[in-house]
Amino acid sequence: MLLIRFFGGKGGVGKTTLAAAYALAQARRGLRTLVVSTDPAHSLGDALETSLSDRPRRVTGTLWAAEISGERQARRRIAEVLDDARHAVPREVLPAVERHLERAAESPGTVESALLDRLTEVVEEAGERWDTVIVDSAPTGHMVRLLSLPTLLTPWIEGLARHRRRARHADRLAAGLLGDPDDAADPLLERLQARRARLGRLRTRLGEDALVHLVLVPERLPLAETLRAADVLTGAGLPLGAVVVNRVASGDETGVLARRREQEELVLATVHERFGADAVVTVPLLPGALTGTAGLGEAAVWLGRL
Ligand SMILES: Nc1ncnc2c1ncn2[C@@H]1O[C@H](COP(=O)(O)OP(=O)(O)OP(=O)(O)O)[C@@H](O)[C@H]1O
Ligand SMILES: [Mg+2]
């Protein structure tokens, strides 16, 4: 079984560092591990001290990594649709269709759903090659939308496919009346159906094999965001993993830092109360640079319970 683990949370709380550290720890246990970043502002490569691209590359031992891009995937998909359109629409309207598709390629909805497509491909290929896929997500809002897209898009795609089938049916009837039955395959309908099937599989998979670890630092705003994200994820049927409180002070601070520590205690108490002590993992504020396998190893020590 492929284990899928997401690391989500507010900007800057340590998602990339902890996802990379956890991936390294899994690989060191002998699991064939792929860590992927879906954040458009990639920094996974920086954390691993290597350059990454859309195609997984080996970092060390059984650890592989990739940074996937919604924009690149969107451009690829728009090119496919354009190809379909060239066969399906009259030549005079083609420039208008092209302009429309170019604009669509840049819209956030297209980019996000394209990112989801790419993630689905990665997860589908992963079953053969890896034991675990770890996803370094963009900040919470983006991640939650991404994870709920399979649920949101499925009825939409079903609706589109239904219209398309009806239109095809009418075309065929008309063609038949004129003595020219057209039985050629409809690439658009096929694409929609393939996409719907893929999203359905992803949804099932995320419900069964995925866990979302929520990362926060012990401050009020990240806490508020974590509580909201937990509700939304649970509402979307996505299983919640651990809540990781990162950069926790050591307790021997003085002055301002000691007063901050009091605030941290309040946040930690709320987290424990809301999620239960078993679900909470704390990682201290660490002194090291936390990049490369040595630095990440320092953080990984704290993630044994994940
Ligand atoms: N436990 C820790 N102790 C000390 N520094 C840490 C710790 N965890 C993360 N950091 C540092 O905090 C900074 C932000 O971490 P990171 O980039 O992993 O956060 P992020 O949540 O992925 O941010 P973004 O939302 O921008 O993607 C980095 O410089 C990282 O090295
Ligand atoms: Mg990051």
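Structure: see above.
Notes on the structure in this doc start here. Just so we're clear, the structure is a prediction, and the values are computed from it rather than from any experiment.

### Considering the packing of helix 3 (residues 70–88) against helix 4 (residues 94–106)
Then, in step 1: At a minimum axis distance of 10 Å, the contact between helix 3 and helix 4 shows a crossing angle of 160 degrees. As judged from the angle between their axes, helix 3 and helix 4 are roughly antiparallel. Remark: the crossing between helix 3 and helix 4 carries right-handed chirality. Contacts between helix 3 and helix 4 involve Ala74, Ile78, Val81, Leu82, Ala85 and Arg86 on the former and, on the latter, Leu94, Val97, Glu98, Leu101 and Ala105.
Then, in step 2: Its residues assigned to classes, the contact of helix 3 with helix 4 shows nine nonpolar, no polar and two charged.

### A look at the site of ligand 1
Then, in step 1: Around ligand 1, 16 residues are found, and the nearest of them are Lys15, Thr16, Thr17, Asn246 and Leu286.
Then, in step 2: One nitrogen or oxygen atom from the main chain of Gly12 is found 2.9 Å from an oxygen atom belonging to ligand 1.
Then, in step 3: Relative to its unbound accessible surface of 640 Å², ligand 1 loses 73% to contact with the protein.
Then, in step 4: Within the residue set of the shell around ligand 1, elements represented by two or more residues are helix 1 (15–28), strand 7 (240–248) and strand 8 (280–284).
Then, in step 5: A per-class count over the shell around ligand 1 returns seven nonpolar, six polar and three charged.

### Re the packing of helix 5 (residues 108–129) against helix 7 (residues 187–209)
Then, in step 1: Axis separation between helix 5 and helix 7 bottoms out at 10 Å; the angle between their running directions is 65 degrees. The orientation of helix 5 with respect to helix 7, classified from their angle, is roughly perpendicular. When you trace helix 5 past helix 7, the crossing you get is left-handed. Here Ser113, Leu116, Asp117, Thr120, Val123 and Glu124 of helix 5 lie close against helix 7, whose contacting residues are Arg195, Arg198, Leu199, Arg201, Leu202 and Arg205.
Then, in step 2: Partitioning the contact of helix 5 with helix 7 into residue classes produces four nonpolar, two polar and six charged.

### Considering the pairing of strand 6 (residues 210–216)
Two faces make up the sheet, and in a regular strand the side chains alternate between them.
Then, in step 1: In terms of residue burial, strand 6 counts as a mostly covered element, since six of its seven residues are buried.
Then, in step 2: Pairing geometry for strand 1 (residues 3–9) and strand 6, over six bridges, is parallel. For Phe6, the partnering residue across the bridge sits in strand 6 and is Val212.
Then, in step 3: Bridge count between strand 6 and strand 7: four bridges; the pairing is parallel. When the sheet's bridge partners are listed, Leu214 is paired in strand 7 with Val243.

### Some words on the nonpolar core
Buried together is how nonpolar side chains tend to be arranged in soluble globular proteins.
Then, in step 1: By size, the foremost hydrophobic cluster in this structure holds 45 residues, and its most contacted members are Phe6, Val36 and Val271.
Then, in step 2: Among residues more than four places away in sequence, those in contact with Val271 are Leu216, Leu223, Val243, Val245, Gly276 and Val280.
Then, in step 3: Core analysis: the second largest hydrophobic core is formed by 31 residues, Leu18, Ala19, Leu48 and Leu296 among them.

### A short note on the pattern of salt bridges
Then, in step 1: For the structure on display, the rule yields 15 salt bridges.
Then, in step 2: The residue Asp54 makes a salt bridge to Arg72 at a minimum N-O spacing of 3.4 Å. Separated by 18 residues along the polypeptide, Asp54 in the loop between helix 2 (44–48) and strand 3 (57–60) and Arg72 in helix 3 bring together distant segments of the chain.
Then, in step 3: Residue classification places Asp54 among the buried positions, given a relative accessible area of 7%.
Then, in step 4: Between Glu124 and Arg201 there is a salt bridge, with its nearest N and O atoms 2.7 Å apart. With Glu124 in helix 5 and Arg201 in helix 7, this residue pair connects regions lying 77 residues apart in the sequence.
Then, in step 5: Using a relative accessible area of 34% as the deciding quantity, one classes Glu124 as partly exposed.
Then, in step 6: The class of Arg201 is partly exposed, set by a relative accessible area of 45%.
Then, in step 7: Through salt bridges with shared partners, a single network forms among Asp54, Arg72, Arg76, Arg118 and Glu121.

### Quick notes on helix 3
Then, in step 1: The terminal C-alpha atoms of helix 3 lie 26 Å apart, and with 19 residues this matches the ideal 27 Å at 1.5 Å per residue to within 8%.
Then, in step 2: Listed as buried for helix 3 are Gly70, Gln73, Ala74, Arg77, Ile78, Leu82, Asp84 and Ala85.
Then, in step 3: Looking at the packing, one finds that the buried side of helix 3 touches helix 4, helix 5 and helix 7.
Then, in step 4: Its side-chain oxygen placed 3.3 Å from the backbone nitrogen of Glu71, Ser69 serves as the N-cap of helix 3.

Quick notes on the rules
Residues numbered from 1 in each chain as written. Chains lettered and ligands numbered in written order. Predicted model: local features only at pLDDT ≥ 70, side-chain atom pairs only at ≥ 80, totals over all residues. Heavy atoms only, no water. Axes fitted to C-alpha atoms, helices over the stretch in contact; angles between N-to-C directions. Helix = DSSP H or I, 4+ residues; strand = E, 2+ residues; numbered from the N terminus. Parallel < 35°, antiparallel > 145°, perpendicular 65-115°, else oblique. Left-handed = near helix turned anticlockwise from the far one by under 90°. Contact = heavy atoms within 4.5 Å. Nonpolar A, V, L, I, M, F, W, Y, C, P; charged D, E, K, R; others polar. Near = heavy atom within 4 Å. Polar contact = N/O pair within 3.5 Å; in protein donor to acceptor, adjacent residues only side chain to side chain. Areas by Shrake-Rupley, 256 points an atom, 1.4 Å probe, with all protein chains shown as cover. Buried < 20%, exposed > 50% of the residue type's maximum accessible area, 1.4 Å probe, protein only. Pairing = 2+ DSSP bridges. Core = buried A, V, L, I, M, F, W, Y, C linked by side-chain atoms within 4.5 Å. Salt bridge = Lys/Arg side-chain N within 4 Å of Asp/Glu carboxyl O. Expected span 1.5 Å × (residues − 1).

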